[in-house]
Amino acid sequence: MNFINRISGLILSLLILICVILIYLKIDKRMKLKKLSVQRERVFVDYSDSIVVTKFRAPVLPLDDLEEEEIVNDGKQADLEEAAKQRRLLIAQTFSAKPAEQNYRISDNSGLTTENSTHRMTTSVKPCTPKHNVAFLRTHKTGSSTLQAILYRYGELHDLSFALPEKGSNLGSPRLFHPRFIRPTKNKKYNMLVGHARYDKWGFSVAMPRNTQYITIIREPSDQFESLYKYYNWYERFQASLPEFSSNPFFYYKKSEPSDAIESALNPNLFDLGLDKKFLNDRQSISEQIEKLDKDFTLVMVTEYFDESLILLKDLLCWSIDDVTYLAKNVRSMEGRNLNKDTRQSLRMWNAGDVKLYEHFNETFWRKVHLYGKDKLMEEVKTLRERNEELKLSCVEGSASVSQGKTGTRVKRYSLKVSQSQNDTCVLLTLANEALQGRVARRQFGN
């Protein structure tokens, strides 16, 4: 009898314990749900990786995707539409409190499911700090002189350090870049590298800070080749007109291409971007090089969409529209530029590696445009062009066509208005690139 009583007592105690545990779990669950509700309405700023985004202290799914029964507010179901409205209001209030002089990047990222698809858009507001460490790999006859001038001007106005060559404008070309080609400053630290150089990942990484942004620019290969042929007087090198060369390029190239040429007459962009001459016709090597470049370069600009490229550059570096305004440099007249269909096709076949490079980075360029927002980008392009015209009217007295290059190609130069001689922006805007480099050298080395 005593044994049965003991067993009954133990069972009763166990049941009581189970009841207590269940009550505790129920209370704990209600507390967690209530806490979750409060946290979803709070916004905090995450400064990781120098990009500021808005986040909610909630599960990974966006608020709009949560089931209604998961949202608890004082024991009642929250209205999804009202919650989203409050969230947008809270985000706007949070960032409107930022200092007016701080730069922002606002980008739209969209996700789309395929079946029974629902489209959702999330907007991230990203205050950012202007980036000053830039390595610009110049390619030949792609508009790189204009971009170089923009970077020189920005560096001068912000007192940045440049990796300059000992003499001339080339950093060791046609050899792959090496830090020894730089005229050293006292601390051997540089914010910008913008001279002509053949890309070498190791060399650039040794010379430049770890957080350097790598950019370059490419152009449609047949148009680029025509410009190279004219500017560098390849008529003389190959003893042939461009149509003659294009009819049998391998013959002329094999016969007359100098081994020490700074610019290559076969896939010139790939050559500038580091591919050895002996691999310029090797499909596998070309594919591997493009894959490496895709990883190394933050932005590859496209000459045919120069203004659009500048807006992406502005966004990448967190600069302002005024920082990327420009007057076109080393632009020759349109005379003699037309290529007939056969010549163009032959040149594209001859430069098949550069065509593959161009098509790859043209595709990545338009992906970036899509992510940025095409309508937004075109509005900013319009603003940039308006600012260019305003600066031209304000700063430029006139322009003249001057002879440049081995064939005496005529390019445009600008003269400064006397009234703007104390305006640094106007002065820098109208200087030729050689004069800009000289001014940087005098600031850095005193001579």
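All chains use their own residue numbering, which begins from 1 and follows the written sequence. Two thresholds apply to this predicted model, a pLDDT of at least 70 for residue-level local features and 80 or more for giving and counting side-chain atom pairs, whereas whole-chain, interface and lining totals are computed over all residues. Here the side-chain values reflect all heavy atoms present in the structure, with hydrogen atoms and water set aside.

Going by an unreviewed UniProt entry, the protein chain carries the name Galactose-3-O-sulfotransferase 3 and comes from Holothuria leucospilota. What UniProt records for the protein chain under Subcellular location (unreviewed entry) is the sentence "Golgi apparatus membrane". UniProt positions are given in the numbering used here, feature names are shortened, and annotations may be inferred rather than shown by experiment.

UniProt's feature table lists "transmembrane region" (unreviewed entry) at residues 6-25, given in the numbering used throughout. A run of H or I in DSSP becomes a helix once it reaches four residues, and a run of E becomes a strand once it reaches two; helices and strands are each numbered from the N terminus. In the segment residues 6-25, helix accounts for 100% and strand for 0%; the C-alpha atoms at its two ends are 29 Å apart.

The subject of this paragraph is the state of the cysteines. By definition, disulfides here are pairs of cysteine sulfur atoms that lie within 2.5 Å. What the rule picks out here adds up to two disulfides. The disulfide that involves Cys395 links it to Cys426, with 1.9 Å between the sulfurs. Residues Cys395 and Cys426 share a disulfide whose torsion about the S-S bond is about -55°; that sign makes it left-handed. Highlighted residues: Cys395 in helix 14 (residues 374-395) and Cys426 in helix 15 (residues 424-430), separated in sequence by 31 residues. Each member of the pair Cys395 and Cys426 is classed as buried. Here the disulfide map of the protein chain reads 1-2, 3-4, the bonded cysteines being numbered as they appear in the sequence. Each residue's exposure class comes from its accessible area (1.4 Å probe, protein chains only) as a fraction of the maximum for that residue type: buried when under 20%, exposed when over 50%, partly exposed otherwise.

Here the focus is the pairing of strand 10 (residues 299-302). Here strand 10 shows two buried faces, one formed by Leu299 and Met301 and the other by Val300 and Val302. Two strands are counted as paired when DSSP detects at least two bridges linking them. In this structure, strand 9 (residues 213-218) lies alongside strand 10, joined through four bridges in parallel fashion. Residue pairing in the sheet places Ile217 in a bridge with Met301 of strand 10.

Strand order in the open sheet formed by four strands is 8-7-9-10, and the pairing between neighbours is parallel. Two strands close off the open sheet at either side, each with one partner strand: strand 8 (192-193) and strand 10. As judged from the two bridges shared by strand 7 (residues 134-137) and strand 8, these two strands associate in the parallel manner. The residue bridging Val134 from the neighbouring strand is Met192, located in strand 8. Of the strands in this sheet, strand 9 and strand 10 are in contact with helix 13 (residues 352-372), which crosses strand 10 at around 100°. Only heavy atoms enter the contact rule, under which two residues are in contact if any of them lie within 4.5 Å. Helix axes use the C-alpha atoms of the stretch in contact, all axes being lines fitted to C-alpha atoms, and the angles between their N-to-C directions lie in the range 0 to 180 degrees.

The contact between helix 10 (residues 283-296) and helix 13 brings their axes to 10 Å, and the two run at 30°. Taken together, the axes of helix 10 and helix 13 are roughly parallel relative to one another. Between helix 10 and helix 13 the crossing geometry is right-handed. Contacts from Ile286, Ser287, Ile290, Leu293 and Asp294 of helix 10 reach helix 13 at Gly353, Lys356, Leu357, His360, Phe361 and Thr364. Asp, Glu, Lys and Arg are counted as charged, while Ala, Val, Leu, Ile, Met, Phe, Trp, Tyr, Cys and Pro are counted as nonpolar; the rest, among them Gly, fall into the polar class. When its residues are assigned to classes, the contact of helix 10 with helix 13 shows five nonpolar, four polar and two charged. Convention used here: angles under 35 degrees read as roughly parallel, angles over 145 as roughly antiparallel, angles from 65 to 115 as roughly perpendicular, and any remaining angle as oblique. Put simply, a crossing is left-handed when the front helix is turned counterclockwise from the back one by less than a right angle, and right-handed when it is turned clockwise.

Further remarks concern helix 5 (residues 221-231). Counting buried residues along helix 5, nine of its 11 residues qualify, which places the element largely inside the surrounding structure. Along helix 5, the residues classified as buried are Pro221, Ser222, Gln224, Phe225, Glu226, Ser227, Leu228, Tyr229 and Tyr231. Backbone geometry just downstream of helix 5 places Asn233 in the positive-phi region, at approximately 55°.

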